[in-house]
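Here are the chains, one letter per residue:
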Amino acid sequence: MSDAPPRAGRPLHTDLPPRASRPLRTSRPILTGLPALIWLAIFLLVPVAVLVAGHVDASDVSRVLTRQSTWRIAWFSLWQAVVSVIATFALALPLTWFVGRHNFRGRRVVRAIASVGFLLPSVVVAAGFIALLPNRLHVSLATMIAAHAYFNIAVVLRVVAPRLESFDTRLVAAARTLGAGPLRTFATVSWPAMRSAVVSAAAVVFIYCFTSYAVVRTLGGVTRNTLESDIAVRAYAIGDIGGAVVLSVVQVVVIAIVVLLGRAIARDAASTTRRTTLTLSSVAGMRANMGVVIVVVTLTLVTAPLVALARSSLRVGDAWSLAGWRSLVDNNAELATPESAPPTATSASALIDSLVASGRTAVFAAIVALVLAAGLSRTVVRLGSRGRWLDAVSMVPLVVSPVTLGLGLIVTFDSGWYDWRGAWWFVAVVHSVIGLPLAVRVLVPAWRNIAPGLHDAAAVLGAAPRRRFVDIDLRLLRPALIAAAGLVAAVSLGEFGAASMLSRSGAETMPVTIARLLGRTGDLVRTQAFVLATVLVAACITALLLVESGARNHTQPRDNTHA
Amino acid sequence: MQLPDVACHRVHRTLVGLLVLGALTLAGCGQNTQPSQGNSTTAEASTNDTAVATDAPVTLTLLAHDSFTPSEGIFDAFTAETGIVVRVVRGGDAGTLVTKAVVSAGNPEGDVLWGVDNTLLSRAIEADVFAPYVSVYRADLDAAGVALAPDGVVTPVDSGDVCLNYDKQWFAERRINPPLTLQSLTSASYRNLLVAPSPLTSSPGLAFMLASIAEFGDEWTQWWTTLRENGVLIVDSWSDAYYSHFTAASDGERPIVVSYATSPPAEVIFADPRPTEAPTAVAALTCFRQYEFAGVLRGTKHEVAARKLIDFLVSRQFQEDLPLTQFVWPSNRTATVPQEFLDYSLRPENPLTLDPAIIAARRAEWLDVFSEVVLR
């Protein structure tokens with residue numbers, strides 16, 4: 001703690017030994033991080049390198065970098081992402097504050113529903129927005145930004161709310177007692193404790209918005225291009241793979257610069273965070289009214305496109321109909337009028353297949369990413385300031401264009417025993433790579449919050465390393481582990497870019513199926529797409545509720561420091 | 001500082017529970033894969049065919065775009081006859097499919113590819129994606145399609161036309177004549193009435209741009225400039241244009257859309273109850289013809305079997321399934337086209353076309369010009 005200035009809250013922690021007592025713990029912190037690094041190398045670095053080596057030459061670089069449109073598009077990607085981050089926080093912060101600081105009935109349900117937008121494939125959210133909004137708002141900058149904010153509420157909620165929960169309100173009380181005004185208390189006590197979480201969330205949201213693709217294409221309109229959408233156009237429509245890869249490198253560089261700037265801001269904040277007492281206020285009086293307004297407004301905004309989706313699933317053409325839902329349970333229902341309707345509607349088994357494939361992929365990706373991220377984030381924390389570069393490396397999967405990654409995987413794992421292109425688990429492996437940064441983001445603060453003295457004390461009392469791991473680390477990490485698993489599963493359920501490159505029939509994930517159905521002729525086929533989207537929404541909310549109830553103990557007030 | 005044992009047990013239980021849940025899911029899925037493939041896309045070897053039972057059956061992977069939706073079980077007959085099992089793998093739209101085939105040329109993801117069209121063909125041929133094979137049915141196939149791939153590098157499997165579609169009722173109610181030519185679209189009476197998918201992201205969008213180039217030659221950019229001033233709406237995809245903006249298929253506000261010549265029969269055949277006539281019509285003089293091809297992928301380990309599959313894909317049996325499942329015209333001229341398809345379809349006699357070699361040479365340049373002129 002010697003590098004951080006004294007904080008108002010320090011005296012309350014004097015019962016914990018300072019970090020100087022570290023030498024008692026393992027001397028090789030890098031070991032737990034190695035599996036994740038190897039995983040990233042195999043499934044991220046190598047494929048991209050192979051693609052660059054095989055399909056890019058010097059002329060591509062100069063051609064792309066000297067083209068004026070490249071920089072126009074890069075500039076647009078940048079400023080729309082910044083505006084989107086601001087919009088996201090404006091939308092998410094009130095709810096995050098209320099949920100993070102207060103205990104009330106239905107809190108978990110609120111959190112689950114508010115997070116659901118993040119799980120949905122962007123094609124579905126875009127369809128929901130179109131179903132909801134009047135015609136003239138279908139394609140506009142404002143709609144595009146709103147959709148970005150909609151997607152990312154969950155990121156702010158999931159990353160910032162846990163920090164709020166573990167924030168010790170006695171610090172605020174102490175500061176106020178000592179004479180600090182509300183502003184000064186915020187600036188010197190609350191904000192420093194939250195800063196790293198806020199910057200962390202902002203960085204993730206920024207990256208998602210910067211690399212936005214489907215939302216930009218459908219709601220932003222064809223005249224608006226981000227680097228990511230231009231990459232897809234180059235690769236697929238024009239067949240300019242070299243140009244596409246160069247653009248994706250430009251994208252990585254721009255994002256790296258912005259994120260490094262963000263990290264510079266967050267620098268000293270991270271070291272001030274500590275595991276603290278959990279004291280959620282219960283809600284009463286003014287707070288209750290304000291809370292009700294915040295919850296109702298936010299949830300209405302979040303659920304409106306979902307309700308519009310559900311409505312679309314009940315309509316075939318201009319009429320209300322259950323045909324879409326019937327076709328999900330009955331293989332032959334779509335052929336209700338035998339000699340008339342051709343069998344182009346997708347069969348129930350195919351719809352169920354994609355449900356199962358999505359669930360399987362999400363579970364596999366979450367388990368793999370969780371194990372890898374737990375190890376990597378431990379290394380990041382144990383290495384202290386030397387771990388910063390590792391933290392940055394763990395973010396790389398977020399900034400690599402899914403189109404580029406997908407193409408790289410196809411050209412790399414293409415023959416002999418490592419021809420995995422058709423394997424069902426390959427998509428899950430890729431999702432574990434894409435989800436890793438989020439899991440690390442959630443787990444790093446959690447490891448950091450484990451007071452170093454706990455291990456030392458347990459060791460002195462005779463606990464073996466394994467016992468210390470189970471009784472201290474696992475126990476204290478549990479809420480974060482559950483949150484991380486939920487996030488990775490969410491990313492996997494909604495991920496489209498890489499899955500669309502790798503998905504296979506029989507193992508096609510739901511976003512891919514939905515996008516495919518939405519692109520085809522026939523009212524019933526479209527209705528089926530909306531049915532599937534509605535099922536996906538329901539599945540996601542259920543999964544989130546399970547995650548929430550798994551984390552139940554965490555949300556109940558308890559006092560660890562006094563145990 | 002003690003941590004109660006109860007809590008530890010709970011941690012264990014939760015973890016074990018999660019792992020078991022994961023394992024069950026995985027196991028359950030593993031079991032599910034087999035029958036579901038049989039139901040949806042895979043034709044499994046017929047059990048009563050003794051000749052087949054003695055051989056280890058070959059399984060072919062047929063790579064196709066997302067619009068490849070033949071009748072279920074269509075490959076059963078092929079499997080019964082040859083012992084070859086067909087697994088259909090859909091890999092995105094046609095552009096994505098070709099891009100993936102190009103990067104994995106010589107080391108393909110499958111054995112046969114369905115769905116490269118004449119706007120993309122040269123890109124695939126240049127990258128040496130295919131192993132040439134001349135089908136035994138070649139003499140029966142659409143001559144214009146065969147002429148586009150004369151050395152048999154690919155085989156034409158179907159064709160269709162991308163044309164202006166309009167909402168008949170919308171024009172009738174307002175007593176306005178619908179547009180009949182591309183030239184007429186720049187007239188003030190069609191101001192703000194047209195919605196078209198972008199050629200950068202949509203295959204019919206690209207066909208429509210090529211139609212304008214075939215029609216106007218070097219003047220095509222001027223035509224688009226005028227069209228832009230006349231309020232054309234360019235959107236991301238065909239489905240967005242048709243199902244979000246076209247008056248006849250959505251609550252949109254545009255009664256003219258770039259779509260297929262087979263969209264009117266689709267409007268009738270998919271509707272319940274069926275109308276006596278289609279609510280939409282096609283402007284025949286605006287049509288650009290798309291040919292789709294299938295080919296054996298170079299590097300396949302089952303080249304002989306793959307050739308048999310090409311033959312099956314252009315056989316009468318398979319070709320007759322195409323009109324009502326995929327709304328395209330069969331390439332095999334001996335195939336019988338269903339009456340209801342003929343009733344509502346329009347087959348333009350002199351569609352606009354462009355030489356694939358010219359498309360290949362200039363497509364990237366044209367798309368860049370289009371971006372600058374129209375999408376600014």
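For the structure itself, consult the block above.
Now for a look at the structure at hand. (Residues numbered from 1 in each chain as written. Chains lettered and ligands numbered in written order. Predicted model: local features only at pLDDT ≥ 70, side-chain atom pairs only at ≥ 80, totals over all residues. Heavy atoms only, no water.)

## Considerations on the overall build of chain A
- A count of helical and extended segments in chain A gives 23 helices and four strands.
- By sequence separation, contacts in chain A at least 24 residues apart represent 82% of the contacts at least 6 residues apart.
- Counting every atom, chain A has about 21,100 Å² of accessible surface; 68% of that belongs to carbon and sulfur. (Helix = DSSP H or I, 4+ residues; strand = E, 2+ residues; numbered from the N terminus. Contact = heavy atoms within 4.5 Å. Areas by Shrake-Rupley, 256 points an atom, 1.4 Å probe, with all protein chains shown as cover.)

## Observations concerning helix α8 (residues 203-216) of chain B
Residues and elements named next belong to chain B.
- Compared with the 20 Å implied by 1.5 Å per residue over 14 residues, the 20 Å span of α8 between its first and last C-alpha is a close match.
- Burial within α8 is extensive, with 11 of its 14 residues counted as buried.
- Those residues of α8 not exposed but buried are Pro204, Gly205, Leu206, Ala207, Phe208, Met209, Leu210, Ala211, Ser212, Ile213 and Phe216.
- The backbone nitrogen of Gly205 has a side-chain oxygen 3.1 Å away, supplied by the residue at the start of α8, namely Ser202.
- Of the residues flanking the end of α8, it is Gly217, one or two places downstream, whose phi is positive at about 60°. (Expected span 1.5 Å × (residues − 1). Buried < 20%, exposed > 50% of the residue type's maximum accessible area, 1.4 Å probe, protein only. Polar contact = N/O pair within 3.5 Å; in protein donor to acceptor, adjacent residues only side chain to side chain.)

## Side note on the pattern of salt bridges
- Using the criterion set out here, one finds 15 salt bridges over all chains in the structure.
- Among the ionic pairs, Arg63 of chain A bridges to Asp240 of chain A, the shortest N-O distance being 2.9 Å. Pair noted here: Arg63 of chain A is in helix α2 (residues 58-66) and Asp240 of chain A is in the loop between α10 (227-238) and α11 (241-270), with a separation of 177 residues, a long-range link.
- By relative accessible area, Arg63 of chain A is classed as partly exposed at 33%.
- The class of Asp240 of chain A is buried, set by a relative accessible area of 12%.
- A salt bridge links Arg362 of chain B to Glu365 of chain B; the shortest N-O distance between them is 3.0 Å. A residue pair is termed a helical-turn pair when its members lie 3 or 4 positions apart in one helix, as Arg362 of chain B and Glu365 of chain B do in helix α16 (residues 356-373) at three residues.
- Through salt bridges with shared partners, a single ionic network connects Asp60, Arg63, Asp230, Arg234 and Asp240 of chain A together with Asp368 of chain B. (Salt bridge = Lys/Arg side-chain N within 4 Å of Asp/Glu carboxyl O.)

## Side note on the side chain of Thr361 of chain A
All names here are of chain A.
- With respect to the element layout, Thr361 can be found in helix α14 (residues 348-382).
- For Thr361, a relative accessible area of 2% gives the class buried.
- Looking at Thr361, its side chain comes within polar contact range of the main-chain oxygen of Ala357, at 2.6 Å.
- With near-sequence residues (within four places) excluded, Thr361 lies in contact with Val427, Ala428, His431, Ser492 and Thr509.

## Looking at unusual backbone geometry
All names here are of chain B.
- Although it is not a glycine, Arg175 adopts a positive phi angle of roughly 50°.
- Looking at the element boundaries, Arg175 is found in the loop between α7 (168-174) and β6 (194-197).
- For Arg175, a relative accessible area of 78% corresponds to the exposed category.
- You will see that Asn192, though not glycine, has its phi angle at about 60°, which is positive.
- Here Asn192 is to be found in the loop between α7 and β6.

## Re the packing of aromatic side chains
- The full count for this structure, using the stated rule, is 38 aromatic pairs over all chains.
- On the numbers, 5.6 Å between centres and 35° between planes, the contact of Phe206 of chain A with Phe210 of chain A is tilted. Of the two residues, Phe206 of chain A and Phe210 of chain A both sit in helix α8 (residues 182-210), four residues apart, roughly one turn of that helix. Residues Phe206 of chain A and Phe210 of chain A agree in their burial class; the two are buried.
- Aromatic pair Phe327 of chain B and Phe341 of chain B: ring centres 6.2 Å apart, planes at 50°, arrangement tilted. With Phe327 of chain B in the loop between α14 (322-326) and β10 (329-330) and Phe341 of chain B in helix α15 (residues 339-344), the pair connects residues that are 14 residues apart, well separated along the chain.
- The ring of Trp320 of chain A has Arg315 of chain A sitting right over it, with the charged end atom 4.7 Å from the ring centre. (Phe/Tyr/Trp six-rings, centres within 6.5 Å; stacked < 30°, edge-to-face > 60°. Lys NZ or Arg CZ within 6 Å of the ring centre and 35° of its normal.)

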